[in-house]
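Residues per chain, in single letters:
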Amino acid sequence: RMLGELVQAAGMTVFLSVASFPLAMAIGLLVGVGRVYGPGWVAYPLGVYVEVIRGTPLLLQLYTVFYLLPRLIPGLALDPVQAGILGLAINYSAYEAENYRAGLLAVPRGQMEAALSLGMTRLTALRRVVVPQAARIVIPPVTNDFIALFKDTSVCSVILITELTRKYNELYNFNRDYIVELAALTAGLYLVMSYPLGVLARSLERRLAGDGGRA
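Here goes a summary of the coordinates provided.

How each quantity is defined
- Residues numbered from 1 in each chain as written.
- Predicted model: local features only at pLDDT ≥ 70, side-chain atom pairs only at ≥ 80, totals over all residues.
- Heavy atoms only, no water.
- Buried < 20%, exposed > 50% of the residue type's maximum accessible area, 1.4 Å probe, protein only.
- Helix = DSSP H or I, 4+ residues; strand = E, 2+ residues; numbered from the N terminus.
- Arc of directions from axis to C-beta.
- Polar contact = N/O pair within 3.5 Å; in protein donor to acceptor, adjacent residues only side chain to side chain.
- Phe/Tyr/Trp six-rings, centres within 6.5 Å; stacked < 30°, edge-to-face > 60°.
- Contact = heavy atoms within 4.5 Å.
- Core = buried A, V, L, I, M, F, W, Y, C linked by side-chain atoms within 4.5 Å.
- Axes fitted to C-alpha atoms, helices over the stretch in contact; angles between N-to-C directions.
- Parallel < 35°, antiparallel > 145°, perpendicular 65-115°, else oblique.
- Nonpolar A, V, L, I, M, F, W, Y, C, P; charged D, E, K, R; others polar.

### Observations concerning helix α7 (residues 164–174)
Residue pairs spaced three or four apart in an α-helix point in one direction, given the helix's 3.6 residues per turn.
Moving on, step 1. The set of residues buried in α7 consists of L164, K167, Y168 and L171. End-on, the buried residues of α7 take up no more than an arc of 105 degrees, which puts them together on one face.
Moving on, step 2. The N-terminus of α7 is capped by E163, whose side-chain oxygen sits 2.9 Å from the backbone nitrogen of T165.

Here's what the structure looks like:
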């Protein structure tokens, strides 16, 4: 019975991860592009955004999204799951922005100049020439960030989401004679879910390193 409840809660962990990380990547890409190619009045506020998000705890950001944001925006109502997805996405968007910024800076500026000389607009050059090259560069760190976010979903328990860690705590309170078994099952589920992602990250790193060597 306990295993079944833990597996069900693990499903929520997977859902939070899968729902929030694409949003984090999308926001991060926009922020990264804005910082590298945007004018100063765009790049500076985006830089402040990144530093503020990276410099404050995920726990505080979740509290802000769940409790404070609906008070600041009349009519906004977020249930715990929506707030958890948004909070995780905002937190990790700052880290993805830095990944994309590094990837964009690694693409030679001549690529943009060549695209513009061919008659492309700046936006088209970014979309078709620069960003695809940067995205290829940042695949390994982005994959590693997804693994980190997967484990950080445990923080969402503070806003009443019953994910794997919260379910472990609930079961522990009523089954203290099985603390070792509960801990082992919970750790095993995290490992089963995250290990394939780690293998994927290492595989991508080796593949990209091999491609770079042939180039």
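After that view, the rundown keeps rolling.
### Overview of the packing of aromatic side chains
Moving on, step 1. Tallied over the entire structure, the rule returns five aromatic pairs.
Moving on, step 2. Both rings, one in F66 and one in Y67, keep their centres 4.7 Å apart while their planes meet at 65 degrees; by these two values the pair is edge-to-face.
Moving on, step 3. When its relative accessible area of 42% is taken as the criterion, Y67 is described as partly exposed.
Moving on, step 4. Consider the rings of Y168 and Y172, whose centres lie 6.3 Å apart with planes at 25 degrees: the pair is stacked. With Y168 and Y172 both in helix α7 and four residues apart, the pair spans about one turn of that helix.
Moving on, step 5. Relative accessible area serves as the criterion here: at 19%, Y168 is assigned to the buried category.
Moving on, step 6. According to the relative accessible area criterion, Y172 is partly exposed, its value standing at 24%.

### Looking at the environment of I179
Moving on, step 1. With respect to the helices and strands, the residue I179 is situated in helix α8 (residues 179–214).
Moving on, step 2. With eleven residues separating them along the chain, I179 and Y168 place their C-alpha atoms 9.4 Å apart.
Moving on, step 3. Apart from the residues lying within four places of it in its own chain, the contact partners of I179 are Y168 and Y172.

### Focus: the nonpolar core
The nonpolar side chains of a soluble globular protein tend to be buried with one another.
Moving on, step 1. Among the nonpolar cores identified, the biggest contains 23 residues, and L16, F21, A83, L88, C156 and I159 are the most heavily contacted of them.
Moving on, step 2. Of all the elements in the fold, those that place two or more residues in this core are α1 (2–37), α3 (58–72), α4 (80–106) and α6 (122–152).
Moving on, step 3. When residues in this core are grouped by element, the largest group, six residues, is from α4.
Moving on, step 4. Dropping the residues within four chain positions of it, L16 is found in contact with V81, I85, L88, T153, C156, I161 and E163.
Moving on, step 5. Core analysis: the next-biggest nonpolar cluster, separate from the first, contains 13 residues, Y37, L126, V131 and A134 among them.

### Points about unusual backbone geometry
Moving on, step 1. In this structure, L160 takes a positive phi of about 75 degrees despite not being glycine.
Moving on, step 2. Secondary-structure assignment places L160 in the loop between α6 and α7.
Moving on, step 3. Taking the relative accessible area as the measure of exposure, L160 reaches 52% and is therefore exposed.

### Side note on the packing of α1 against α7
Moving on, step 1. Look at α1 against α7: their axes get within 7 Å of each other, and the N-to-C directions meet at 155 degrees. Taken together, the axis directions place α1 and α7 in an arrangement best described as roughly antiparallel. Touching M2, E5, L6, A9, A10 and T13 of α1 are L164, K167, Y168 and L171, all from α7.
Moving on, step 2. Partitioning the contact of α1 with α7 into residue classes produces seven nonpolar, one polar and two charged.

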